[in-house]
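What follows is each chain in one-letter form.
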Amino acid sequence: MKKGFHAVALRDGQVFGKLTTLDAAAVAQWCRSLHASAVGIDAPCCWSLSGHARPCESQLASEGIHTFATPSRAVGERHTFYGWMRKGDALYRRITHHYPLFDGTLPTFRPVSFETFPHAVGCALAGTILSGKRKRIDRRRLLRETGLPTTSLTNIDQIDAALCAVTARYLLAGKVDMYGNLKEGFIVVPKIERSPRKPGSIFFEGINGKPLAQEPIV
């Protein structure tokens, strides 16, 4: 993970802060300094116990949303490709001292950390399977449709971080779908209610309607 960690914090529907760093400890300290309520992380929260795709990854794939299969810890620690997963693992080990990992129970009580996946978040917000080829355009548009200004998000890493921060808002409001199990981790995505008056439009009552504390995402 040569690019390091990219974090975005939201408050009252606005980008409240951003951080780019190579240091997992710095991310954890940043979240604490902002008194964050929920921390969403775009990396596996658990290694595979079987050596094959985790249940959360298989369940997403059955809906047409594909991601990299997380290997066993032994394989993940041996191969260069999985360096980004090792970085994520290091971050969880830092974060969960102060933000316990989401255990699948709703409503959840802050502070909490959880695994999410920007492509799945985008598909949930759009109500359809999106093409990865258009991710910069589609994901920025979807953020704007949630009411979040995007002019300060200057690259795809910050856009993805903001998508996961939006997911934190949904989690704190108890409006999420979750994939997986407690043993090998949950992937959390927004649960979208569509307005019956405008087919396809997103209905945000209970989320945008009241301010929440900061929700950083890495």
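Everything quoted here is computed from the prediction, not taken from an experiment.

1. Observations concerning the nonpolar core
Counting residues in each nonpolar core, the largest one holds 38 residues, and the members touching the most others are L60, F102, F114, L125, L143, L171 and V189. At the level of elements, strand 1 (5-11), helix 2 (55-62), strand 4 (112-115), helix 5 (118-126), helix 6 (135-145), helix 7 (156-172), strand 5 (176-181) and strand 6 (185-190) are the ones that each hand at least two residues to this core. Considering every element that reaches this core, the biggest residue donor is helix 7, with 11 residues. Excluding anything up to four places from it in sequence, L143 contacts L148, T150, L153, I159, A162, L163 and V166. Residues A24, V27, A28 and A43 belong to the second largest nonpolar core, which totals 20 residues.

2. A closer look at the environment of V75
By secondary structure assignment, the location of V75 is in helix 3 (residues 73-76). A relative accessible area of 25% places V75 in the partly exposed class.

3. What to know about the pairing of strand 2 (residues 14-21)
In this structure, strand 1 lies alongside strand 2, joined through 7 bridges in antiparallel fashion. Its bridge partner being in strand 2, F5 is matched across the sheet by T21. What sits between strand 1 and strand 2 in their antiparallel hairpin is a turn of 2 residues, with D12 showing a positive phi close to 50 degrees.

4. Structural notes on the side chain of T70
Within the secondary structure, T70 sits in the loop between helix 2 and helix 3. On the basis of relative accessibility, which here comes to 1%, the residue T70 falls in the buried class. A polar side-chain atom of T70 sits 2.5 Å from a polar atom in the side chain of E57. Those residues within four positions of T70 in sequence are excluded, and the remaining contacts are P44, C46, W47, S48, H52, R54, E57 and M85.

5. Concerning the confidence of the model for the protein chain
Mean pLDDT over the protein chain stands at 90; residues scoring 70 or higher make up 88%. Note on residues 197-213: pLDDT is under 50 here. Beyond four places in sequence and across chains, it has 34 contacts.

6. Comments concerning the pairing of strand 3 (residues 38-41)
The side chains of a regular strand alternate between both faces of the sheet. Burial along strand 3 is two-sided: A38 and G40 and V39 and I41, pointing in opposite directions, are all buried. Pairing analysis gives 4 bridges linking strand 3 to strand 4, with the strands arranged parallel. Paired with V39 across the strands is S113, a residue of strand 4.

7. Focus on the environment of S50
With respect to the helices and strands, S50 occurs in the loop between strand 3 and helix 2. Judged by relative accessible area, S50 falls into the partly exposed class, the value being 48%. Along the chain, S50 and S72 lie 22 residues apart, while their C-alpha atoms are 6.8 Å from each other. Looking at S50, its side chain comes within polar contact range of the main-chain nitrogen of H52, at 3.1 Å.

Calculation rules
Residues numbered from 1 in each chain as written. Predicted model: local features only at pLDDT ≥ 70, side-chain atom pairs only at ≥ 80, totals over all residues. Heavy atoms only, no water. Core = buried A, V, L, I, M, F, W, Y, C linked by side-chain atoms within 4.5 Å. Buried < 20%, exposed > 50% of the residue type's maximum accessible area, 1.4 Å probe, protein only. Helix = DSSP H or I, 4+ residues; strand = E, 2+ residues; numbered from the N terminus. Contact = heavy atoms within 4.5 Å. Pairing = 2+ DSSP bridges. Polar contact = N/O pair within 3.5 Å; in protein donor to acceptor, adjacent residues only side chain to side chain. pLDDT = per-residue confidence, 0-100.

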